[in-house]
Amino acid sequence: GKGCGSPGFAKTKESKGGSIPDEVVDGMLQIILLFPIFLLVLPINVAFTQAIVVNITTTSFMKGFGPFKAPLLVSTAFLFIGVWCILIKRFLSPFLQRKEIKLSIANRFALGSFFLGLGYAIAAIVDSQVKRAYLSSGSRINIFWGLFGTFFTGGIAFHFAAMNEIAFVVAPA
C-alpha cells in the first residue's frame, strides 16, 4: 500500500529498505491520521470555555444565596461533569450493555455536543429572564436557576469519554 505524508514516508520502513522499524512508521501514520479528529475537538472545547464565561457574566446579575454566588456556580460545571461521569458509568453503560448497544466515538461526540448545546439554550433562557426581571422591576432572579443549564453542560462528559478512547485505545502505543 501507499504511505501517507511526504512521498518517501513509506520508504523509511525497514521492509522497504529504510532505517526505521515498520511498527514505528505505522504508529506515526496512525498519529498523523488522528490529527483531523483532534482538530474537531477544538470547537467543543472553545464552546465549553465560553459556557463558563456566559455563566460568570449571567450569574453576576443574579441573586446569590449565602456562599453560593457566581464563582461557585461556575465551579459546579466541573462538579456536574463528574456527576454525569458517574451516571454514565453506573447506570447508562450497564443499561446499554444489557441492550447490546455500543455507542461509537462519533455518537459520544454527538451526545456531548447535544448536551452542551442544550446547556447553552437553557442558559440563554435564564439570561433572558435575568434581563426581564432586571428591566421590569430592577429585581434579580435566584442564582439556582443557573444550575439547570450548568447541569446539562455537564453532559460534555460524553465528549471526554470519546476523547479518552481516542487517546488510549485508537492511538498507537
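Residues numbered from 1 in each chain as written. Predicted model: local features only at pLDDT ≥ 70, side-chain atom pairs only at ≥ 80, totals over all residues. Heavy atoms only, no water.

So, on to the overall build of the protein. A tally of regular secondary structure across the protein gives 5 helices and 0 strands. Listed N to C, the secondary structure of the protein is α-α-α-α-α in terms of helices and strands. For a compact globule of 173 residues, the expected C-alpha radius of gyration is about 16 Å, and the protein comes in at 22 Å, more than 25% above that figure. Overall, the protein is about 80 × 40 × 25 Å in size when its C-alpha atoms are taken along their principal axes. Within the protein, contacts between residues at least 6 apart in sequence are counted, and of these 77% link residues at least 24 apart. Total accessible area on the protein stands at roughly 10800 Å², and carbon and sulfur atoms take up 70% of it. (Helix = DSSP H or I, 4+ residues; strand = E, 2+ residues; numbered from the N terminus. Rg over C-alpha atoms; globule rule 2.2 N^0.38 Å. Contact = heavy atoms within 4.5 Å. Areas by Shrake-Rupley, 256 points an atom, 1.4 Å probe, with all protein chains shown as cover.)

Formed by 13 residues in total, the largest nonpolar core has its most connected members in Phe48, Ile81, Trp84, Leu116, Ile156, Ala157 and Phe158. Broken down by secondary-structure element, the contributors of at least two residues to this core are α1 (22-59), α2 (70-98), α3 (105-137) and α5 (157-170). Contact partners of Phe48, with chain neighbours within four places excluded, come to Phe78, Ile81, Leu116, Thr153 and Ile156. Judged by nonpolar contacts, the second largest core, of 9 residues, contains Phe68, Leu73, Val126 and Val130. (Core = buried A, V, L, I, M, F, W, Y, C linked by side-chain atoms within 4.5 Å. Buried < 20%, exposed > 50% of the residue type's maximum accessible area, 1.4 Å probe, protein only.)

To continue, consider the packing of aromatic side chains. Taken as a whole, this structure holds 11 aromatic pairs when the rule is applied. For the ring pair Phe48 and Phe160, a centre distance of 6.5 Å and an interplane angle of 85° mean the geometry is edge-to-face. Of this pair, Phe48 sits in helix α1 while Phe160 is found in helix α5, placing the two residues 112 residues apart along the sequence. Residue Phe48 is classed as buried on the basis of its relative accessible area of 8%. By relative accessible area, which is 30% here, Phe160 ends up partly exposed. An angle of 10° between the planes, with centres 6.5 Å apart, marks the rings of Phe115 and Phe152 as stacked. (Phe/Tyr/Trp six-rings, centres within 6.5 Å; stacked < 30°, edge-to-face > 60°.)

A separate point is the packing of α3 against helix α4 (residues 146-153). Two numbers describe how α3 lies on α4: the axes approach to 7 Å, and their chain directions differ by 170°. It follows that α3 is roughly antiparallel to α4 by the angle criterion. Residue-level contacts link Phe115, Leu116, Leu118, Gly119, Ile122 and Val126 of α3 to Gly146, Phe148, Gly149, Phe152 and Thr153 of α4. Split by residue class, the contact of α3 with α4 holds 7 nonpolar, 4 polar and no charged. (Axes fitted to C-alpha atoms, helices over the stretch in contact; angles between N-to-C directions. Parallel < 35°, antiparallel > 145°, perpendicular 65-115°, else oblique. Nonpolar A, V, L, I, M, F, W, Y, C, P; charged D, E, K, R; others polar.)

With that out of the way, let us pick up α4. Where α4 is concerned, the buried positions are Gly146, Gly149, Thr150 and Thr153. Taken end-on, α4 shows its buried residues confined to a sector of 100°, consistent with a single buried face. Looking at the buried side of α4, the elements it contacts are α1, α2 and α3. (Arc of directions from axis to C-beta.)

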